[in-house]
Amino acid sequence: MARVANKVALVTGGASGLGLASARRLAEEGATVVIADINRELGEAAASELAGAQFELLDVSEEASWSALVDRIVAQHGRLDVLLNSAGIVRLASIEETTEEIWRLVNAVGTDGTFYGCKHALRVMKPAGRGSIINMCSTASIQGGPQIFAYAASKSAIRGITKSVAVLSAQSGYGVRCNSIHPGNMRTPM
């Protein structure tokens, strides 16, 4: 249907799961897709399956890596039209079982990764006066869950990030949309 023909889309967590499914759909709809993931082997394989796609190694928890990647995309393609922040991890643990290590890991990938992605996508979309930032959230951000404590907290933060970026863009006339998607349980590797 070519709904995103000639658009440049960056998908984090694009090597597997919902990120990969989304990257495939964007490519089917005509976008040039940049698959970003920390898993090089799966990411390169995924990109090789999609016409015009490329893979970029990205640790979403590192802001400098985000800045460099967004700059490379703009240098290579002239713009960034779509960012799908889909990278995320879950560790099953109640609040009583959640260690500092689990808390920091889940939030570094989910919360920090989404923050950095929004910040650097907005940096290049704002001057263009257009763009779409999509943050993969979860029904866990609304209803919680006893064994997904850190994950639900991260997804709740992502809801707040999304709303704040959307309001800033609307009030400031940036022309950039920011929305979140809230899937329930899905059959993915995660």
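Note that the structure is predicted; figures quoted are calculated from it, not measured.

**Q** I'd like to hear about helix 6 (residues 149-172), residue by residue, with values.
**A** Between its first and last C-alpha atoms helix 6 spans 35 Å; for 24 residues at 1.5 Å apiece the expected length is 34 Å, and the two agree. Buried residues of helix 6: Ala-150, Tyr-151, Ala-152, Ser-154, Lys-155, Ile-158, Ile-161, Thr-162, Val-165 and Ser-169, and no others. Residues of helix 6 that are buried sit in contact with helix 4 (100-128), strand 5 (131-136), helix 5 (140-143) and strand 6 (176-181).

**Q** Give a detailed account of unusual backbone geometry, specifying residues and quantitative values.
**A** Positive phi values are uncommon outside glycine, yet Asn-6 reaches one of about 65°. Structurally, Asn-6 can be placed in the segment before strand 1 (8-12).

**Q** I'd like a rundown of the nonpolar core, residues and numbers included.
**A** In terms of nonpolar packing, the biggest core is built from 26 residues, with Leu-10, Trp-66, Ile-73, Leu-80, Leu-83, Met-125 and Ile-133 touching the most fellow members. Elements supplying a minimum of two residues to this core: strand 1, strand 2 (32-37), helix 3 (63-77), helix 4, helix 6 and strand 6. No other element matches the seven residues that helix 4 contributes to this core. Filtering out sequence-adjacent residues up to four positions away, Leu-80 remains in contact with Val-8, Ala-9, Leu-10, Ile-73, Val-74, Ala-121, Val-124 and Met-125.

**Q** Report on the environment of Val-60, specifying residues and quantitative values.
**A** With respect to the helices, strands and loops of the structure, Val-60 is situated in the loop between strand 3 (54-57) and helix 3. Judged by relative accessible area, which is 8%, Val-60 ranks as buried. Spatially, the C-alpha atoms of Val-60 and Asp-112 are 7.5 Å apart, while their sequence positions differ by 52 residues. In contact with Val-60, not counting residues within four places along its chain, are Thr-12, Trp-66, Ala-87, Val-109, Asp-112, Gly-113 and Tyr-116.

**Q** I'd like to hear about the environment of Lys-155, residue by residue, with values.
**A** Structurally, Lys-155 is set in helix 6. Residue classification places Lys-155 among the buried residues on the basis of a relative accessible area of 5%. Setting aside residues up to four positions removed in sequence, Lys-155 forms contacts with Met-136, Cys-137, Ser-138 and Ser-141.

**Q** Give a detailed account of the sheet that holds strand 6, specifying residues and quantitative values.
**A** Remark on secondary structure: sheet strands pair via backbone hydrogen bonds, oriented parallel or antiparallel. Across the sheet, which stays open at both edges, the six strands sit in the order 3-2-1-4-5-6 with parallel pairing between neighbours. Edge positions in the open sheet fall to strand 3 and strand 6, since each of these has one partner strand only. Strand after strand, the sheet turns through a mean of 15° between neighbouring axes, direction not considered. Relative to strand 3, strand 2 runs parallel, the two being bridged by four bridges. For Ala-36, the partnering residue across the bridge sits in strand 3 and is Glu-56. Packed onto the sheet, helix 2 (residues 40-49) meets strand 2 and strand 3 and runs at close to 165° relative to strand 3. Packed on one face of the sheet, helix 4 meets strand 4 (82-85), strand 5 and strand 6 and runs near 175° to strand 4.

Rules of the game
Residues numbered from 1 in each chain as written. Predicted model: local features only at pLDDT ≥ 70, side-chain atom pairs only at ≥ 80, totals over all residues. Heavy atoms only, no water. Helix = DSSP H or I, 4+ residues; strand = E, 2+ residues; numbered from the N terminus. Expected span 1.5 Å × (residues − 1). Buried < 20%, exposed > 50% of the residue type's maximum accessible area, 1.4 Å probe, protein only. Contact = heavy atoms within 4.5 Å. Core = buried A, V, L, I, M, F, W, Y, C linked by side-chain atoms within 4.5 Å. Pairing = 2+ DSSP bridges. Axes fitted to C-alpha atoms, helices over the stretch in contact; angles between N-to-C directions.

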